[in-house]
Amino acid sequence: MIIKKVNLDIVIGVTSAIPQTELPEVAFAGKSNVGKSSLINALMNRKSYARTSSQPGKTQTINYYNINDAMFLVDLPGYGYANANQQVKAKWGKMVEKYLKVSKQLHQVFLLIDIRHDPSANDKMMYDWIVANGYHPVIIATKLDKLKRSQIPKHVKAVRTGLGLEKDDILIPVSSQTKQGIPELWETIEQYL
Ligand SMILES: Nc1nc2c(ncn2[C@@H]2O[C@H](COP(=O)(O)OP(=O)(O)OP(=O)(O)O)[C@@H](O)[C@H]2O)c(=O)[nH]1
Ligand SMILES: [Mg+2]
């Protein structure tokens, strides 16, 4: 995808209704701090258009980034950060659930997993949740730059096994820092539009 224009068109908080947009959407889900907003910046070829933070819980709204007036990259709030109280967690869950259920233009869901760590119980729940809503998620293993090249196959295998992926399920390792895997990810996204 050649990026000509990007714009944060829509920001949805917990009390707002999920909009029905006129463009295809792909969404990025995953634990807080896994690198969703950083990945969206890398895909948009922007340094810090999507706000990122080393503190988990940065993105607490659903953010729709309009790409070339052709599609939306949708940044979902992250789950599972320890500081969130039960009420916040419940609201988050409802918002993401509603988004998955009602978005008619949602073409694919990408689930991000930190390549360094085995998927958590929350990651597995999110995976099952996405599947229960009728999607077959593509897995993105993030922060590839944090591993030595020789460690990568072992970690990819651990992520695949942890989520119970089948042989044909797609997993794309990426680094938003070095941009490794970003062209491959764009190719995959474009297949779903
Ligand atoms: N080394 C490295 N660090 C990364 C990468 N991607 C993200 N990070 C760092 O990880 C931290 C979290 O990144 P975010 O993009 O804000 O994570 P998020 O998933 O949007 O987090 P929430 O908004 O809290 O759900 C930041 O300090 C980023 O700089 C990567 O590919 N490599
Ligand atoms: Mg974020």
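The rules we used
Residues numbered from 1 in each chain as written. Chains lettered and ligands numbered in written order. Predicted model: local features only at pLDDT ≥ 70, side-chain atom pairs only at ≥ 80, totals over all residues. Heavy atoms only, no water. Salt bridge = Lys/Arg side-chain N within 4 Å of Asp/Glu carboxyl O. Helix = DSSP H or I, 4+ residues; strand = E, 2+ residues; numbered from the N terminus. Near = heavy atom within 4 Å. Polar contact = N/O pair within 3.5 Å; in protein donor to acceptor, adjacent residues only side chain to side chain. Areas by Shrake-Rupley, 256 points an atom, 1.4 Å probe, with all protein chains shown as cover. Nonpolar A, V, L, I, M, F, W, Y, C, P; charged D, E, K, R; others polar. Expected span 1.5 Å × (residues − 1). Buried < 20%, exposed > 50% of the residue type's maximum accessible area, 1.4 Å probe, protein only. Arc of directions from axis to C-beta. Contact = heavy atoms within 4.5 Å.

Caption draft 1: Structural view of the pattern of salt bridges. The final tally for this structure, using the stated rule, is three salt bridges. The residue Lys101 makes a salt bridge to Glu97 at a minimum N-O spacing of 3.7 Å. Of the two residues, Lys101 and Glu97 both sit in helix H2 (residues 86–102), four residues apart, roughly one turn of that helix. For Arg116, the salt bridge goes to Asp114, with nearest N and O atoms at 2.8 Å.

Caption draft 2: How the structure looks around the site of ligand 1. Close to ligand 1 lie 22 residues; Lys36, Ser38, Gly57, Thr59 and Asp145 are nearest. Residue Lys36 places a side-chain N or O atom 2.7 Å away from an oxygen atom belonging to ligand 1. With the chains in place, 88% of the 650 Å² that ligand 1 exposes on its own is no longer accessible. Of the residues that constitute the shell around ligand 1, the class distribution is two nonpolar, 14 polar and six charged.

Caption draft 3: Representation of H2. Compared with the 24 Å implied by 1.5 Å per residue over 17 residues, the 24 Å span of H2 between its first and last C-alpha is a close match. Considered for burial, the residues of H2 that qualify are Trp92, Gly93, Met95, Val96, Tyr99 and Leu100. Seen end-on, H2 carries its buried residues on one side only, within an arc spanning 165°. Counted as exposed and oriented over 90 degrees from the buried face of H2: Gln86, Gln87, Lys94 and Lys101. Where H2 is buried, its residues meet strand E1 (6–12), strand E2 (25–30), strand E3 (62–67), strand E4 (71–75), strand E5 (106–114) and helix H3 (121–132).

Caption draft 4: Expanded view of the side chain of Gln108. One can find Gln108 in strand E5. Within the local environment of Gln108, its side chain forms a polar contact with the backbone oxygen of His136, the two atoms lying 2.9 Å apart. Filtering out sequence-adjacent residues up to four positions away, Gln108 remains in contact with Glu25, Val26, Ala27, Tyr135, His136, Pro137, Val138 and Tyr192.

So, to be careful, I would describe these as geometric facts and stop short of saying anything about function.
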